[in-house]
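Examination of the molecular architecture
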Amino acid sequence: MMVDKRQPAPTGQAGPAEVPLYGFQPPVGTPFGLEVSTVEDFFAEHDDWPWNPPRPVRVSFHYLIAVTEGELLHDVDHLTRSVAPGQWLWVRPGHTLCWHPPGTARGPFILFEPDVLTPGTARLLAPLTSHEAPAVLSPHPDDATWLHQTALQLLDEHRALGRRPLDVHHALRRSMLESLLLRLANAPGTTPTGAAMAGTGRGDTYGRFADALELHFRELHRAADYAELLGCSVRTLSRAARDTTGKGVRDLIGERRLLEARRLLGGARWDARSVAAHLGFSDTANFGRFFRDRTGLTPAAFASGEDTTAPWDDRTDSDGSHPRRSSYGRLTPEKVSRTSLA
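Notes on the structure follow. What you see as residue numbers is a count from 1 along each chain, following the sequence as written. The predicted origin of the model limits local features to residues at a pLDDT of at least 70 and limits the giving and counting of side-chain atom pairs to 80 or more, whereas totals for whole chains, interfaces and linings rest on all residues. Side-chain descriptors were evaluated using all non-hydrogen atoms of the structure, hydrogens and water having been removed beforehand.

**So, the overall build of the protein chain**
Secondary structure assignment for the protein chain yields twelve helices and 13 strands. A buried classification covers 49% of the 342 residues belonging to the protein chain. Only heavy atoms enter the contact rule, under which two residues are in contact if any of them lie within 4.5 Å. Relative to all contacts within the protein chain whose residues are 6 or more apart in sequence, the contacts with residues 24 or more apart total 70%. Secondary structure follows DSSP: runs of H or I at least 4 residues long count as helices, runs of E at least 2 residues long count as strands, and numbering of each begins at the N terminus. Partly exposed describes any residue whose relative accessible area lies between the buried limit of under 20% and the exposed limit of over 50%, with all areas from a 1.4 Å probe on protein chains only and scaled to the type maximum.

Next up, the structure:
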């Protein structure tokens, strides 16, 4: 069950709170913050929400969909992802998402809150539970059968409530979930670039930078700012970022500011002037150049849902596919107080 946790913005003030935030509440009788279903059941049990009309929302929990048949179209942070059989969609807390109308996709659908994972497992999964990890995962065929079978076993155990003591039931569900995620995170083709750096000095430097960037991207925009904050040299920080992601610190800062701009212009419906001020640009024109150089669109065109022949995003998913622009930027989300997935 998803519960709308949106707080209304003060009168006359636009803001990200205009995109509904849904928390997680399992169906009655289902213990703890973990729910397992199938995407076809989800489609069958919802006649309208959340795709008629499509509404951009955010969630405070993780959910994964393993596509076994058909094709799933799903927007994550205003990019339309196409998920084919054998691939997994992973939506993380805080992502802006939007469902497409039901299609032909079939497969297990797993929802869980972050604190369901044990601390040790959560540390091992950090590269794939992080906000910037890829949304579409393409595990190696050698792992695909095991992953699918484990997901089905997890679904079977979830449906077996009452078959065995409650604490055993939950321990089994959590154990299978953690096994599934650990195998998925370490399957060839799914591990993000640089995950092997975890635990090394340079990997730790990048991890601390990523945390600092998430907190300070609105007001800190230079590599030197973050190096000073972390107590290291710019060269050390630059090498850590390059080794972990293949990108420079300046590029990573720009990508995070651009992602926030997309969210505010698209889902939250801010105007360019407000976004420019929020993200620390000197003026609206400077922000407009920044946005156009990276997307091929003006902020106004992006907000109105216009298309362009110019490339607007050079990111790719883990399978090398190119995500597509969401066409839902103009829609105003309507409040839905409760939506059950049971």
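**A few points about the nonpolar core**
Among buried residues, those of type Ala, Val, Leu, Ile, Met, Phe, Trp, Tyr and Cys that are joined through side-chain atoms within 4.5 Å constitute a nonpolar core. Judged by nonpolar contacts, the single largest core of 32 residues is most densely connected at Phe209, Tyr226, Val275 and Phe287. Elements with a minimum of two residues in this core: α6 (201-216), α7 (223-230), α8 (234-245), α9 (249-266), α10 (272-278), α11 (284-295) and α12 (299-304). With seven residues, the top contributor of residues to this core is α9. Once residues lying within four places of it in the same chain are set aside, the contact partners of Tyr226 are Phe209, Ala212, Leu213, His216, Phe217, Leu220, His221, Leu237 and Ile253. Among the nonpolar cores identified, the runner-up in size contains 24 residues, and Ala66, Trp90, Val116 and Leu154 belong to it.

**Considerations on the sheet that holds strand β10 (residues 108-112)**
Two strands form a pair only when DSSP identifies at least two bridges running between them. Ordered by their spatial adjacency, five strands build an open sheet running β3-β10-β5-β8-β11, and the pairing between neighbours is antiparallel. Among the strands making up the open sheet, the edge pair consists of β3 (34-38) and β11 (136-137). The pairing of strand β8 (residues 88-91) with β11 spans two bridges and is classified as antiparallel. Pairing of Leu89 across the sheet is with Val136, part of β11. To obtain an axis, a line is fitted to C-alpha atoms, over the contacting stretch when the element is a helix, and the angle between two such axes runs from 0 to 180 degrees between their N-to-C directions. Of the strands in this sheet, β3, β8 and β10 touch helix α4 (residues 141-158), which is tilted by about 110° from β3.

**Description of α9**
Expected helix span is computed as 1.5 Å times (number of residues minus one). With 18 residues, α9 extends 26 Å from end C-alpha to end C-alpha; this agrees with the ideal 26 Å at 1.5 Å per step. Burial of α9 is extensive: 15 of the 18 residues sit out of reach of the surface.

**As for the packing of aromatic side chains**
Note on aromatic pairs: the rings of Phe, Tyr and Trp (six-membered ring only in Trp) are paired at centre separations within 6.5 Å, and the planes decide the class, stacked below 30 degrees, edge-to-face beyond 60, tilted for the rest. Considering all chains together, one arrives at 14 aromatic pairs under this definition. Taking 5.5 Å as the distance between ring centres and 70° as the angle between the ring planes, the aromatic pair formed by Phe291 and Phe302 counts as edge-to-face. In this pair, Phe291 sits in helix α11 while Phe302 sits in helix α12, placing the two residues eleven residues apart along the sequence. Of the residues examined, Phe302 reaches a relative accessible area of 1% and is grouped as buried. Site record: aromatic cluster; members linked through ring pairs are Phe42, Phe43, Phe61, Tyr63, Trp99 and Phe109. The criterion for a charge sitting over a ring is simple: Lys NZ or Arg CZ within 6 Å of the ring centre, and within 35 degrees of the ring normal. In this arrangement the basic side chain of Arg257 is found over the ring face of Phe290, its NZ or CZ atom lying 5.7 Å from the centre.

**Some remarks on the pairing of β10**
Burial within β10 is extensive, with five of its five residues counted as buried. Burial of the side chains of β10 extends over both faces: Pro108, Ile110 and Phe112 are buried on one face and Phe109 and Leu111 on the other. Relative to β10, β3 runs antiparallel, the two being bridged by five bridges. Looking at β10, one finds that Thr38 is bridged to Pro108. Pairing of strand β5 (residues 62-66) with β10, which is carried by four bridges, proceeds in the antiparallel orientation. Counted as the bridge partner of Leu64 is Ile110 from β10.

**Describing the pattern of salt bridges**
For this analysis, a salt bridge means a side-chain nitrogen from Lys or Arg found within 4 Å of a carboxyl oxygen belonging to Asp or Glu. On inspection of all chains with the given rule, the structure shows ten salt bridges. Measuring nitrogen to oxygen at the nearest pair gives 3.5 Å for the salt bridge that ties Glu40 to Arg106. Highlighted residues: Glu40 in helix α1 (residues 39-44) and Arg106 in the loop between β9 (96-99) and β10, separated in sequence by 66 residues. Residue Arg106 is classed as partly exposed on the basis of its relative accessible area of 37%. Arg256 serves as the salt-bridge partner of Glu260, at 3.1 Å between the closest nitrogen and oxygen.

**Overview of helix α5 (residues 166-186)**
The terminal C-alpha atoms of α5, which comprises 21 residues, lie 30 Å apart, in line with the 30 Å expected from a rise of 1.5 Å per residue. Residues of α5 that are buried: His169, His170, Arg173, Met176, Leu177, Glu178, Leu180, Leu181, Leu184 and Ala185.

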